[in-house]
Structure formats: C-alpha cells, structure tokens
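# Chains, contacts and geometry: an overview
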Amino acid sequence: MRKILIIALCMIYVMGAWAQGEELRNMKVMIGMNNLSYNKPEDKGTLAKVLDAILTGEVSKDQSKYKDAVRAAIVKGLSQSHRIIAIDGHLSKEEAEQPNALYIDGTVSNLSTTSKTDNYEVDGKTRYKTYYKALIGVTLHIKDAKTDEVIGSPSFNLSQWDVSWIETQEGAMMKALEKLSSTITDYCNKWLPLSANVLEGARDKKDKQKEVYIDLGAAEGAYEGLHMGVYTVKTIAGKDAKKQIGRLKIMEVLGDDISLCKVQSGGKDIKAALDAGETLVIQTTD
C-alpha cells in the first residue's frame, strides 16, 4: 500500500494546481473513461517459469481475461470519490464543454496472478493446498477534454505486499480489483477534496473548542463521520499560505449547507483563532 500511495500522491501536487486554478468550490468534475490498453508482458518461456517456481515457490499466470473488469474497477473508484462524475466511455460534445471536463486514457502494465502450494499433514498423510494473489499495475493519463493536455499520470501498482493469499484464483482477482477501486477513490479525494469554512463555534470548554459549525452540508456531499483538516490562511506575496491547526469529524448534517462537527484535535488553537476573528477553512482528509 505504501508503494501505491507514494507513486499516486506525488501526482496530487501537480494536479492540485489545475484543480485550484479552475474550480468553483466543490464543483463536480466530469471524467470520461476513454481507452484502456493492455501491454501484455512477454512470455518468459517454460524454463524461466520452472526456475522461478524453484526459487520462489510461486507460479505466475497472465490474466488478460480480466482487463474489462479492471476498467470497471477504475470507473467505480472514480465514481465513489467526492467530486467526480465518471462516465464509462467518451464524453459527448456537450459533456466535454462542461467546466473542468476531463478524460482518461489508461494503460494496464500488469494483470496476473501468482500462486503457491503449501503442504501439511492430516492423519499421517501429506496434503497440498494452493493459494493465489492477484497483481495489477495501471497508469491513468488524465487529460483536459478541451485541450488534450495531460494534467497528470498517476500509477497504481498492487504488489504482493498489498493483497493477501486467497484460496481461489478468481477470489484473488476480485479482492485485488476492490483494492484498486478503493485506492483510486482515496487518490481522487486527496486530489479533489471538499472544501468549506468554519461558520462559528458551537460547544467549548475552558480554552478549547469542542464543536463547530461548518458551511458544508448534504447539497455538497457531506455525511456523518467525514474527517477534515482545519487551516488558517495567510496571504504572503500574493499567495495563500495554509497552516493546519486541527482536525474535525462531522457529527451531524443539519441541512444542505451546514453541519455540526466534533473537534478531534487542535481545540485550543481553533478556539484562539475564532476568538481572534480569523477565517478558518477546512478540507476533507478522507
């Protein structure tokens, strides 16, 4: 998982400039899933496969029959994020003209399963059991629908350390596809977070803020349990400098544009900022 996040998160900073420069607050971004090609690896040959099996105890197998399932997992991952409307296919002319419209051309670099066979004793007899892991590597080239400019090319690589051994080949692939979807969702939520402002303090205790109201509600996708960071913002040389001072969790969505949040950390700094009349902004971290 660490490898996936390092590769993907590096791209968020590049793509963030596009998002911040073009978006209205929490505006939905329409993304069409265009072409997804599969670069099938060269066959190692029988001898190489035998040597791999001897050295590692594992046997790898190409799984190109699941390439359509990979496409579906990508679209699912996009669709489950806060601010993306994902379309499986090319955008129409009208859709491509929408603000912030994007499309994706992707490449599958790895789609395989690896297996191992363990032995164990039952009633004095040796039994054998085979287990499987699925490995998936995908790169998504995210492009501006109006200019065809590439604004980011995040890669998602599920290695053997990201998934567990499963008793069936199909089950291993299904687990890996679920992991791919959730990883893409996490990536998109960091790239395109929900933003809001702290309206006012609710409950406090001594010098710490315990609860606050924010101007994010059901209309923009707020839900109970959503986590976010709290930031002070200062303008330096014409640029906004954000500093995180705490964390919030939505306790209750009270309407289309208001929610009640519990202060999870930074209560003292948040109260001091509110008392000083400072503007506090928030961004989702989930």
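Here is a short report on the structure shown in this document. (Residues numbered from 1 in each chain as written. Predicted model: local features only at pLDDT ≥ 70, side-chain atom pairs only at ≥ 80, totals over all residues. Heavy atoms only, no water.)

## As for the environment of S109
Locating S109 in the fold gives a position in strand β4 (residues 102-122). Assessed through its relative accessible area of 40%, S109 is described here as partly exposed. For the pair formed by S109 and K40, sequence separation is 69 residues and the distance between their alpha carbons is 7.1 Å. Setting aside its immediate chain neighbours within four residues, S109 contacts N39, G137, V138 and N157. (Helix = DSSP H or I, 4+ residues; strand = E, 2+ residues; numbered from the N terminus. Buried < 20%, exposed > 50% of the residue type's maximum accessible area, 1.4 Å probe, protein only. Contact = heavy atoms within 4.5 Å.)

## Regarding unusual backbone geometry
The phi torsion at N100 lies on the positive side, around 65°, for a residue other than glycine. With respect to the element layout, N100 can be found in the loop between α4 (93-96) and β4. Within the chain, A237 stands out as a residue other than glycine whose phi angle is a positive 55°. Note on placement: A237 falls in the loop between β12 (227-236) and β13 (239-255).

## Quick notes on the packing of aromatic side chains
Considering all chains together, one arrives at two aromatic pairs under this definition. Plain terms: the ring middles of F156 and Y187 are 5.5 Å apart, the flat faces sit at 85° to each other, and that makes the pair edge-to-face. Taken together, the residues F156 in strand β7 (residues 155-158) and Y187 in helix α5 (residues 169-191) connect sequence positions 31 residues apart. Accessibility expressed as a relative area gives 1% for F156, which makes it buried. Overall, Y187 belongs to the buried group, its relative accessible area being 4%. Three or more aromatic residues joined by ring pairs form one cluster here, namely F156, Y187 and W191. (Phe/Tyr/Trp six-rings, centres within 6.5 Å; stacked < 30°, edge-to-face > 60°.)

## Digging into the nonpolar core
The biggest cluster of nonpolar side chains holds 36 residues, and the ones touching the most others in it are I74, L78, L180 and W191. Broken down by secondary-structure element, the contributors of at least two residues to this core are β1 (29-38), α3 (67-79), β3 (84-87), β4, β5 (125-144), β7 and α5. The greatest single-element share of this core, amounting to nine residues, is contributed by α5. Excluding anything up to four places from it in sequence, L78 contacts I31, I84, A86, I104, I184 and C188. Counting 19 residues, the second largest nonpolar core, distinct from the first, contains A222, I245, I250 and A273. (Core = buried A, V, L, I, M, F, W, Y, C linked by side-chain atoms within 4.5 Å.)

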